[in-house]
Amino acid sequence: MAAVLAPFSQRLRLLISRLAIALVLCLSLTLTACSSASGGLTGNYVDDTVAVADSLLATINLGADDPGRAEAETEARSLINGYMARYRPRSAVNGLGSFTTMQTALNSLAGHYTNYPNRPVPDALKERISKELKKAETNVVRGA
């Protein structure tokens, strides 16, 4: 009888260990998906657009020798990615003028951070991005 139960016991242990591994993987994926990868966005398009624009304006206006610039730029990149991931797929939002203006500004800033990670934003680019962010803020508050 013991000889019959031994293979069953081994299969049961193997099944339990596989279930435990699957459970751990599911939990880690769930926690990762539920994390604040969106950078603290609320889900309200108007509020998020204004908040992102204000945050990015503050970041690009930091001085080149500011000790918090590197961290602010890292947070800005995360905020850009979270904003675009949240609102680009939404057809009710991505056709609005405020979104396309915001997308242009975010793409320009993200491109600079990607290609020149250790350099401050040049004045000409800073001026253009500032103008676009302010225009996007104005348009989103108006409802356009």
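Residues numbered from 1 in each chain as written. Predicted model: local features only at pLDDT ≥ 70, side-chain atom pairs only at ≥ 80, totals over all residues. Heavy atoms only, no water.

*Asks:* Summarise the packing of helix α3 (residues 69-87) against helix α5 (residues 97-115); cite the residues concerned and give the values.
*Replies:* Remark: α3 packs on α5, axes separated minimally by 10 Å, with the N-to-C direction vectors making an angle of 140°. By the angle between their axes, α3 is oblique relative to α5. Here α3 runs over α5; the crossing is left-handed. In contact with Glu73, Ala76, Arg77, Ile80, Tyr83, Met84 and Tyr87 of α3, α5 contributes Phe99, Met102, Gln103, Leu106, Leu109, Ala110, Tyr113 and Thr114. (Axes fitted to C-alpha atoms, helices over the stretch in contact; angles between N-to-C directions. Helix = DSSP H or I, 4+ residues; strand = E, 2+ residues; numbered from the N terminus. Parallel < 35°, antiparallel > 145°, perpendicular 65-115°, else oblique. Left-handed = near helix turned anticlockwise from the far one by under 90°. Contact = heavy atoms within 4.5 Å.)

*Asks:* Talk me through the nonpolar core; I want residue IDs and the actual numbers.
*Replies:* Residues Val52, Leu56, Tyr83, Met102, Leu106, Leu109 and Leu133 are the most contacted members of the largest nonpolar core, which totals 26 residues. Counting residues per element, the ones that place at least two in this core are α2 (45-60), α3, α5 and α6 (123-142). When neighbours within four sequence positions are excluded, Leu109 is seen to be in contact with Leu56, Ile60, Ile80, Val121 and Ile129. (Core = buried A, V, L, I, M, F, W, Y, C linked by side-chain atoms within 4.5 Å. Buried < 20%, exposed > 50% of the residue type's maximum accessible area, 1.4 Å probe, protein only.)

*Asks:* Please set out the packing of aromatic side chains residue by residue, giving values where relevant.
*Replies:* Describing an aromatic ring pair means giving the distance of the ring centres and the angle of the ring planes. Throughout the structure, instances matching the rule amount to 3 aromatic pairs. With centroids separated by 5.1 Å and ring planes inclined at 55°, the aromatic side chains of Tyr83 and Tyr87 adopt a geometry described as tilted. Placement of both Tyr83 and Tyr87 in helix α3 is noted, with a separation of 4 residues, approximately one turn of the helix. Assigned by exposure class, Tyr83 and Tyr87 land together as buried. Each ring, one from Tyr83 and one from Phe99, has its centre 6.4 Å from the other, and the planes form 20°; the classification is stacked. Of this pair, Tyr83 sits in helix α3 while Phe99 is found in helix α5, placing the two residues 16 residues apart along the sequence. Relative accessible area serves as the criterion here: at 1%, Phe99 is assigned to the buried category. (Phe/Tyr/Trp six-rings, centres within 6.5 Å; stacked < 30°, edge-to-face > 60°.)

*Asks:* Report on the side chain of Lys126, specifying residues and quantitative values.
*Replies:* With respect to the helices and strands, Lys126 occurs in helix α6. Buried charge Lys126 goes without a salt bridge, the closest partner of opposite sign being Asp123 at 4.2 Å. Not counting residues up to four positions away in its chain, the partners in contact with Lys126 are Ile60, Asn61 and Val121. (Lys, Arg positive; Asp, Glu negative; His and termini not counted. Salt bridge = Lys/Arg side-chain N within 4 Å of Asp/Glu carboxyl O.)

*Asks:* Can you explain the side chain of Asp48? Please cite residues and give values.
*Replies:* Within the secondary structure, Asp48 is located in helix α2. No salt bridge forms around the buried Asp48; measuring N to O, its nearest opposite-charge neighbour Arg86 is 4.6 Å away. Of the polar contacts made by the side chain of Asp48, one reaches the backbone nitrogen of Gly43; its length is 2.9 Å. Here Tyr87 takes part through its side chain, which lies 2.4 Å from a polar atom of the side chain of Asp48. What Asp48 contacts, discounting residues up to four positions off in sequence, is Leu41, Thr42, Gly43, Tyr83, Arg86 and Tyr87. (Polar contact = N/O pair within 3.5 Å; in protein donor to acceptor, adjacent residues only side chain to side chain.)

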